[in-house]
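# Fold and contact review
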2 protein chains.
Amino acid sequence: MRLSTKAQYAVRAMVSLNLNAGTAPVSLRAISEWEDISLTYLEQLFVKLRRGGIVDSVRGPGGGYVLARDAAQIRVDEIIDSVEESLVPVSCMEANGECACSSDSRCVTHSVWQGLGARIRMFLASMTLADLTAEARQQIKINK
Amino acid sequence: MRLSTKAQYAVRAMVSLNLNAGTAPVSLRAISEWEDISLTYLEQLFVKLRRGGIVDSVRGPGGGYVLARDAAQIRVDEIIDSVEESLVPVSCMEANGECACSSDSRCVTHSVWQGLGARIRMFLASMTLADLTAEARQQIKINK
DNA sequence: AAAATAATTGACAGTTTTAGTCAGGTATGA
DNA sequence: TCATACCTGACTAAAACTGTCAATTATTTT
């Protein structure tokens, strides 16, 4: 029941992006240094985040990435969805909650996984990037 | 964010065991046939379930496995713990909630994972084997 | 126009985990 | 003692994870 580092990195990178968002776009190189994540790996993640409508890219010198919309409108589950990490706990079950199993007893236990998946989704959908960023600012202030 | 098949199989096998529990112990061979799970794989799982205090084994001819205590006293999270599937969503975090990370921003996102882990645990701890078995009986009745 | 910057893409590879199988050994009841 | 059933450890094929590398395209600055 592990969340992949891909998902963890994506969320961290997004917090970092928002923390350092000024008037100018933020380059992946900068995030790479701040967060100590491989630049090329970040590139992979941000391609997906862009396709997912989470960020917009700005090309050329001084370019980088900016939030596609307000941080308060970006939910954590959207970030994880974008990098293609399934939040459904079992493989045979689709995002809509349907299942293609034959065995009876198997589908009984499925109600458990289905309920679990719904809780996970609900929790991650209840948090926005703005929440996390505010928490991060608080944390940094304490550590000073 | 997948639950391993190990955990899924363990829960299914426990439901099957409880469904078919009479006066005699239930053999793994029987569960293997009912649930279409490899016998040797089941053996691996039940060694751990026994060590986890979920089931007791009865050796010799006519032997098999029985519940170590009443089904209503066996929580789903205990079953999953027994087969050694971590319910904590990130690797650096221990079951106690502590984390050994250095980066500040990383630990900010950790509060998210920590909260998520707690929800998962809470949900799975709220369900007992008796609940699942009752649900299974209901399901079987409907399908008839 | 040229150069520099930065995003974009696709192929590839090492490592780890998963999901089992296989070959035996050990304890128990009939 | 013999069949049954549990117990153990080693082993393996396949998949997923976690990146790296090389090359390309687009944009802005000089």
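Before any of the text, the structure's been laid out above.
The structure reproduced in this document is the subject of the present report. Treat the numbers as computed from the prediction; the structure is a model and nothing was measured.

Taken as a whole, this structure holds 11 salt bridges over all chains when the rule is applied. A salt bridge links Arg75(A) to Asp77(A), with the shortest nitrogen-to-oxygen separation between them at 3.0 Å. Taking relative accessible area as the criterion, Arg75(A) reaches 32% and is therefore assigned partly exposed. Since its relative accessible area comes to 2%, Asp77(A) is described here as buried. The closest approach of N and O atoms between Arg69(B) and Glu78(B), which form a salt bridge, is 3.0 Å. The class for Arg69(B) is partly exposed, based on a relative accessible area of 29%. Residues joined in a network through salt bridges with shared partners are Arg69(B), Arg75(B), Asp77(B), Glu78(B), Asp81(B) and Arg121(B).

Let us look at the protein's contact with DNA strand C. Looking at DNA strand C, there are 26 residues lining it, with Arg50(A), Ser57(A), Tyr65(A), Ser38(B) and Gln44(B) nearest. Each atom of DNA strand C within 4 Å of the protein belongs either to a base or to sugar and phosphate, the latter forming 70%. Take Ser57(A): an N or O atom from its side chain is 2.8 Å from a phosphate oxygen of DNA strand C. Between DNA strand C and Tyr9(B), the relevant distance is 3.2 Å, taken from a phosphate oxygen to a side-chain nitrogen or oxygen of the residue. For the surface near DNA strand C, the secondary-structure elements that each account for two or more residues are helix 3 (39–51), strand 1 (55–58) and strand 2 (64–67) of chain A together with helix 1 (5–19) and helix 3 (39–51) of chain B. The leading source of residues in the surface near DNA strand C is helix 3 of chain A, at four residues. Each residue belonging to the surface near DNA strand C can be placed in one class, and the counts come to eight nonpolar, 12 polar and six charged.

Conventions used here
- Residues numbered from 1 in each chain as written.
- Chains lettered and ligands numbered in written order.
- Predicted model: local features only at pLDDT ≥ 70, side-chain atom pairs only at ≥ 80, totals over all residues.
- Heavy atoms only, no water.
- Salt bridge = Lys/Arg side-chain N within 4 Å of Asp/Glu carboxyl O.
- Buried < 20%, exposed > 50% of the residue type's maximum accessible area, 1.4 Å probe, protein only.
- Near = heavy atom within 4 Å.
- Polar contact = N/O pair within 3.5 Å; in protein donor to acceptor, adjacent residues only side chain to side chain.
- Helix = DSSP H or I, 4+ residues; strand = E, 2+ residues; numbered from the N terminus.
- Nonpolar A, V, L, I, M, F, W, Y, C, P; charged D, E, K, R; others polar.

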